[in-house]
Amino acid sequence: MNLVVHIPETSVEATPYVQTLMKRAPSFTIEGQDWIAIFPQLPDAIDLALQIVGESVRVPDAWASMNGRQISSLLRLWARLECYRESLDAPSPEEHCLRKAGKHNLLEGCSGPTCPVSCQFVCMPCRAEIQSSGVPPVEGHLSRLAVTAEVEWCPNLRLPENRRVANREQRTASRE
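For clarity, every value in this text was computed on a predicted model and none was experimentally measured.

Participant: Please explain the side chain of N156 as it appears in this structure.
Facilitator: With respect to the helices, strands and loops of the structure, N156 is situated in the loop between α7 (139-148) and α8 (160-175). A polar contact is formed between the side chain of N156 and the side chain of S87, at a distance of 2.5 Å. If near-sequence neighbours (up to four positions away) are discounted, N156 is found in contact with Y84, S87, P93 and C97.

Below, the structure is given as structure tokens:
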């Protein structure tokens, strides 16, 4: 995973703490009018990434990208990164995600047992699709919903079609 955080130089100069954090990133550069912190191999330095993204929320015109795709909201990114960081401490990242999604479903009143979504952040766009179409999304739409939720980058994301691809790859590898 490659996280890149851009902060306008004028904003960085006004916030010395952000300046210090940016310089501690695994890769740091100044391009044009932007200070850029690069985290080329998350989860390496994820705590620092969370600090920078958290501080950047209050900086006008700051933005970030994950794997080359611009994220719409630094606050949304921070929440997703924090969830991912929490999963790193969990005995089972998949169980962590299922538990978080289950709590979200319970709070939102979704029908949990039949839900194919194992990520709390995919629940909102999934629910919006159910409300607009009247039926749960089919497996092929779940990847699109993960992109809408800006969580498709998460290595813990397990959608039914992803599991099928992984199982197929495991079977192919075991035959070789």
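Participant: Would you take a moment to explain the packing of aromatic side chains for this structure?
Facilitator: Counting across every chain of the model gives two aromatic pairs. For the pair Y84 and W153, a centre-to-centre distance of 6.1 Å together with 85° between the ring planes defines the contact as edge-to-face. You can see Y84 sitting in helix α4 (residues 74-89) and its partner W153 sitting in the loop between α7 and α8, a full 69 residues away along the chain. Classification of Y84 as buried rests on a relative accessible area of 6%. Judged by relative accessible area, which is 6%, W153 ranks as buried.

Participant: Which parts of the structure should I look at to understand the pairing of strand β3 (residues 34-39)?
Facilitator: Remember that side chains alternate between the two faces of the sheet whenever the strand is regular. The pairing of strand β1 (residues 3-8) with β3 spans six bridges and is antiparallel. Looking across to β3, one finds that V5 is bridged to A37. Pairing of strand β2 (residues 27-31) with β3 involves five bridges; the strand directions are antiparallel. By the bridge assignment for β3, S27 is matched with I38.

Quick notes on the rules
- Residues numbered from 1 in each chain as written.
- Predicted model: local features only at pLDDT ≥ 70, side-chain atom pairs only at ≥ 80, totals over all residues.
- Heavy atoms only, no water.
- Helix = DSSP H or I, 4+ residues; strand = E, 2+ residues; numbered from the N terminus.
- Polar contact = N/O pair within 3.5 Å; in protein donor to acceptor, adjacent residues only side chain to side chain.
- Contact = heavy atoms within 4.5 Å.
- Phe/Tyr/Trp six-rings, centres within 6.5 Å; stacked < 30°, edge-to-face > 60°.
- Buried < 20%, exposed > 50% of the residue type's maximum accessible area, 1.4 Å probe, protein only.
- Pairing = 2+ DSSP bridges.

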